[in-house]
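# Residue-level structural notes
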Amino acid sequence: MRLTYREAVRESIRDAMRSDPRVFLMGEDVARYGGTYAVSTGLLDEFGPERVRDTPLSELGFVGVGIGAALGGMRPIVEVMTVNFSLLSLDQIVNTAAALRHMSGGQFSVPLVVRMATGAGRQLAAQHSHSLECWYAHIPGITVLAPATVEDARGMLAPALKDPDPVVIFEHAQLYNRSEETGDAPVDITSARIRRAGDDVTLITYGGSLPKTLDAAQTLSEKGVSAEVVDLRVLRPLDTDVIMQSVRKTHRALVVDEGWRSGSLAAEVMARIVEEAFFDLDAPPARVCSREVPMPYARHLEEATLPQPDKIVAAVGALVGSLRGSTL
Amino acid sequence: MIDFTLPSLGADMDEGRLDEWLVAPGDAVERGQVVAVVETAKAAVEVECWQEGTVHQLLVPVGETVPVGQVIATLLEPGEEPPAVTPGPRTPPSSEGRRRITPAARQAAADRGIDLGAIAGTGPDGAVTLDDVRGATPAPAAVGAVEPAPSGGEREPGGVDRSTETRRAIAAAMSRSKREIPHYYLTQPVPLEATLEWLNRENASRPVTERLLPVVLQLKAVALAAHEYPDMNGFWSDGCFQAAESVHVGVAIALRQGGLVAPALHDVASKSLQQIGSDLSDLVRRVRVGSMRSSEMSDPTLTVTSLGDEGVESVLGVIYPPQVALVGFGKPMERAWVDDGRVRAVPTLVASLAADHRVSDGRRGALFLAAIADLLQHPERL
């Protein structure tokens, strides 16, 4: 079955609503408009306004409603239009949803799923384009997912809804139009995945940067450098086993992260590599991140700001030096 | 072919562990160039080579402990052709500072007993990488197989045991001194009024970074006096005394982890106060971070110890063999001083001498000490 990422997310929501009457979808424009990114198109007709609910522009309010519904026994899927706007609901997510199990001594949990779009590349400038996944990955008490493939977009929602604690899912807006062959089985939401095997360098990435990183890996292989690509998939809790196994094999690591480098997820991954695999390293770990500016509107500036395959290839070049057989 | 042997870096050293090679086969070496870092019981010491030539082979791999006097490398004399066999891989001359070696390469080299110094780096900025180590051959068998890398804390050179080792080394040297050297001791108070006045005047006109410390005057005074009394400056070995030509003053410096070292300030007698001051602060800084040169460790011809900071009135030291004298200075303090039949409070300092009675006797020592006291009171002559 060949699906776009957008269709895969829609199918996963549809499956969930069909199989569990407690599941409902709420967010800005999800019902009558069919979703800002057309993810929920058709769901209103199929499930009705009780289960596919439009909300006002009030992130703090409707994420709070979602928490209340979850505490009341429902299984809400709350869509926030972009991660930028989700900052208005940070109080609900960080201070309430993430903390309630601990603050109630385990008496209450919040089985809430929050989906949101993230990332740049569509000329929407600084208020619609940032990658703030790292801010959520900092918070204990939530699981943070970043499906980068159609398969993951299709398969992550079901286990997320089964999780008794809050799960935040980041969908990179650049991925919605990508299509791939996929099944409809749930995938696990605890582990990182190796998306391409290689021997010379480990490229670690997630979400919207995965296709760019795979492109770079392809270019590298033509130049004689065999790159392994690790897709983090789960940004919290990080699956470091897969990273370390790969780094111990290749001895070199490059992190590709659309977030800014200071205080970033890339920084965390590098720190863990140095902590756990220092004596296996054959070069200082490196990273390609977004330039540290608010995302520009102009296309050429936006492209220059973001990680791109050529930047990844160049960074790998600096890492491997004159690796035998390579022509970097 | 020149054999380069592990030098003795002081009476208390009988072996050393090779920490790092700073040259590689093919490198040209000048007289006085630092070629290796050797870990002794007290410190990591930069070992200089005193012959000119080209490095031919490094015979001791990093991490190995060898006795003093063992050949650790061979050099080709200028113009000498290398023997046909055993061409070592060439390295680009290691320019400044530490060579770049990746952790994985270090680990692999330690596991296989490979001498990193003989490996050319092909990684970023010439770093030695895992590939370079894998492509290299293990160290020659003659040197003996290297034990697998010790695990855990022992990776850190010295590590936990450094202070025990230091203490042991000091114990050996000082026991030998007290056992073999018949010490005699003399002390003399030195009024410092004129000196301090001169120093204040002199420092007032200097920028802060160039101000002179009293200890600099002490070192220069000792050096000049030793020049006049050569039987205080040199070595007792094989039953006779050999005066040294220059005065290399050993300066006793306390180590952070405990214990003492007394590396040499070279040619103090011929240096300006300014120069002595900056050489001293450089030496202290390097001692504290554990990077001394081999010549500094083996050269001192006469040691000065100054316990002024600790508040003792005088110090009667133990001579560091094979030297034959040690000058000590206590804390400068105000004392009642009788001068012209009147009592005044005058800043004074007690200078002391511990000397080897096999070489000199009390009268000679007294003259030497008096010369130091006299010079200290006439700083303009220093």
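Okay, so let's go over this structure. Bear in mind the structure is a predicted one, so any value in this text is a computation, not a measurement.

### Observations concerning the overall build of chain B
Secondary structure assignment for chain B yields 8 helices and 20 strands. Looking at chain B residue by residue over its 382 residues, the buried ones come to 47%. A sequence separation of at least 24 residues applies to 65% of the contacts in chain B between residues at least 6 apart.

### Side note on the overall build of chain A
Across its full length, chain A holds 14 helices and 14 strands. In chain A, which comprises 328 residues, the share counted as buried stands at 59%. Put simply, 80% of the contacts in chain A that link residues at least 6 apart link residues at least 24 apart. For chain A, the accessible surface area stands at approximately 13,100 Å², while carbon and sulfur atoms represent 54% of it.

### Thoughts on a nonpolar patch on the surface
Residue and element names in this part refer to chain A. Together, Val-274, Phe-278 and Phe-279 line one region of the surface with nonpolar side chains, adding up to about 240 Å² of accessible area. If you trace the backbone, Phe-278 turns up in the loop between α12 (265–277) and β14 (286–290). Relative accessible area serves as the criterion here: at 36%, Phe-278 is assigned to the partly exposed category.

### A few points about the interface of chain B and chain A
Between chain B and chain A, the contact holds 14 residues from the first and 13 residues from the second. For the pair chain B and chain A, the two sides together bury roughly 1,000 Å², of which 52% comes from carbon and sulfur. For chain B, the biggest contributors to the area lost against chain A are B:Pro103, B:Pro124 and B:Asp131; these three give 46% of the whole. Applying the counting rule to chain B against chain A returns 0 salt bridges. The set of elements that each furnish at least two residues to the side of chain B that touches chain A consists of α1 (103–112) and α2 (130–134) of chain B. The greatest single-element share of the side of chain B that touches chain A, amounting to 4 residues, is contributed by α1(B). In terms of residue class, the side of chain B that touches chain A is built from 6 nonpolar, 5 polar and 3 charged.

### Looking at the sheet that holds strand β3 (residues 52–54) of chain A
All names here are of chain A. Here we have 7 strands laid out as an open sheet, ordered β3-β2-β4-β5-β7-β6-β12, and mixed in their pairing. Only two strands of the sheet have a single partner each, and these edge strands are β3 and β12 (234–236). Within this sheet the neighbouring strands show an average axis-to-axis angle of 20 degrees, counted without direction. In the sheet, strand β6 (residues 143–145) pairs with β12 via 2 bridges, with the strands oriented antiparallel. Counterpart to Leu-145 in the pairing with β12 is Val-234.

### Some thoughts on the pairing of strand β11 (residues 227–231) of chain A
Along a regular strand, successive side chains alternate from one face of the sheet to the other. Residues and elements named next belong to chain A. Among the 5 residues in β11, 5 count as buried, and that is most of the element. As defined by bridge partners, strand β9 (residues 193–196) adjoins β11 across 3 bridges and the pair is classed as antiparallel. Opposite Arg-196, over in β11, you have Val-229 as the bridge partner. Pairing analysis gives 5 bridges linking strand β10 (residues 201–205) to β11, with the strands arranged parallel. Considered in β11, the bridge of Ile-204 is made with Val-230. Handedness of the crossover joining β10 and β11 through helix α10 (residues 209–222): right-handed.

### Things to note about the packing of helix α5 (residues 214–228) of chain B against helix α6 (residues 273–288) of chain B
Residues and elements named next belong to chain B. Closest axis-to-axis distance for the α5/α6 pair is 9 Å, and the angle between their directions is 110 degrees. Between α5 and α6, the interaxial angle falls into the category roughly perpendicular. The two elements α5 and α6 meet at a crossing, and its hand is right-handed. Across the interface between the two elements, Val-215, Val-216, Leu-217, Leu-219 and Lys-220 from α5 touch Leu-273, Ile-276, Gly-277 and Leu-280 from α6.

### Describing the environment of A:Val201
Residue and element names in this part refer to chain A. Inspection of the secondary structure assignment puts Val-201 in strand β10. Here Val-201 falls in the buried class, since its relative accessible area comes to 0%. Remark: the alpha-carbon pair of Val-201 and Thr-250, spanning 49 residues in sequence, is separated by 5.0 Å. Residues within four places of Val-201 in sequence aside, it is in contact with Val-225, Ser-226, Ala-227, Glu-228, Thr-250, Arg-252, Ala-253, Val-316 and Leu-319.

### Observations concerning the environment of B:Arg106
All names here are of chain B. Structurally, Arg-106 is set in helix α1. It is 10.0 Å that separates the C-alpha atoms of Arg-106 and Val-62, two residues lying 44 residues apart in sequence. Contact partners of Arg-106, with chain neighbours within four places excluded, come to Arg-98, Arg-99, Ile-101 and Leu-116.

### Considering the pattern of salt bridges
This model, assessed by the stated rule, comprises 33 salt bridges over all chains. In this structure, B:Asp282 engages B:Arg285 in a salt bridge whose closest nitrogen and oxygen atoms are separated by 2.9 Å. With B:Asp282 and B:Arg285 both in helix α6 and 3 residues apart, this pair spans about one turn of that helix. Residue B:Asp356 pairs with B:Arg358 through a salt bridge whose shortest N-O separation is 2.8 Å. With relative accessibility at 0%, the residue B:Asp356 sits in the buried group. Three or more residues joined by partner-sharing salt bridges are found here, namely A:Asp152, A:Asp188, A:Arg193, A:Arg195, A:Asp231 and A:Arg233.

### Here we look at the sheet that holds strand β3 (residues 28–29) of chain B
Residues and elements named next belong to chain B. Strand order in the open sheet made by the 4 strands is β1-β8-β6-β3, with antiparallel pairing throughout. Since the sheet does not close on itself, it has two edges, and those belong to β1 (2–5) and β3, each with one partner. Where β1 lies against strand β8 (residues 71–76), 4 bridges are found, and the strand directions are antiparallel. In the strand pairing of β8, Asp-3 is matched with Thr-74.

### A short note on the pairing of strand β4 (residues 33–39) of chain B
Residue and element names in this part refer to chain B. Most of β4 is tucked away, with 5 of its 7 residues classed as buried. Of the pairings in the sheet, the one linking strand β2 (residues 15–21) to β4 comprises 4 bridges and is antiparallel in character. Opposite Arg-17, over in β4, you have Glu-39 as the bridge partner. Across 6 bridges, the pairing between β4 and strand β5 (residues 44–49) is antiparallel. Note that in β5 the partner of Glu-39 across the bridge is Ala-44. Between β4 and β5, which follow one another and run antiparallel, lie 4 residues.

### Comments concerning the nonpolar core
With 72 residues, the main nonpolar core has B:Leu219, B:Val327, B:Phe329, B:Leu353, B:Phe368 and B:Ile372 as its most contacted residues. Looking at this core element by element, the count peaks at 8 residues for α5(B). Not counting residues up to four positions away in its chain, the partners in contact with B:Val327 are B:Val222, B:Leu302, B:Thr303, B:Val304, B:Thr305, B:Ser352, B:Leu353, B:Phe368 and B:Ile372. Membership of the second largest hydrophobic core comes to 50 residues, among which are A:Met26, A:Ala98, A:Val230 and A:Val269.

### What to know about the packing of aromatic side chains
Residues and elements named next belong to chain A. For the structure on display, the rule yields 5 aromatic pairs over all chains. Relative to Tyr-176, the ring of Tyr-5 lies with its centre 5.7 Å away and its plane at 70 degrees, an arrangement referred to as edge-to-face. A residue pair is termed long-range when its members are at least 10 positions apart, and Tyr-5 in helix α1 (residues 5–19) and Tyr-176 in the loop between β7 (167–172) and β8 (179–181) qualify at 171 residues. Both residues of the pair, Tyr-5 and Tyr-176, count as buried.

Rules behind the numbers
- Residues numbered from 1 in each chain as written.
- Chains lettered and ligands numbered in written order.
- Predicted model: local features only at pLDDT ≥ 70, side-chain atom pairs only at ≥ 80, totals over all residues.
- Heavy atoms only, no water.
- Helix = DSSP H or I, 4+ residues; strand = E, 2+ residues; numbered from the N terminus.
- Buried < 20%, exposed > 50% of the residue type's maximum accessible area, 1.4 Å probe, protein only.
- Contact = heavy atoms within 4.5 Å.
- Areas by Shrake-Rupley, 256 points an atom, 1.4 Å probe, with all protein chains shown as cover.
- Patch = residues over 30% accessible without salt bridge, like charges linked within 9 Å, V, L, I, M, F, W, Y side chains within 5 Å.
- Salt bridge = Lys/Arg side-chain N within 4 Å of Asp/Glu carboxyl O.
- Buried area = accessible area lost by both parts, 1.4 Å probe.
- Nonpolar A, V, L, I, M, F, W, Y, C, P; charged D, E, K, R; others polar.
- Pairing = 2+ DSSP bridges.
- Axes fitted to C-alpha atoms, helices over the stretch in contact; angles between N-to-C directions.
- Right-handed = clockwise from strand over helix to strand, strands pointing away.
- Parallel < 35°, antiparallel > 145°, perpendicular 65-115°, else oblique.
- Left-handed = near helix turned anticlockwise from the far one by under 90°.
- Core = buried A, V, L, I, M, F, W, Y, C linked by side-chain atoms within 4.5 Å.
- Phe/Tyr/Trp six-rings, centres within 6.5 Å; stacked < 30°, edge-to-face > 60°.

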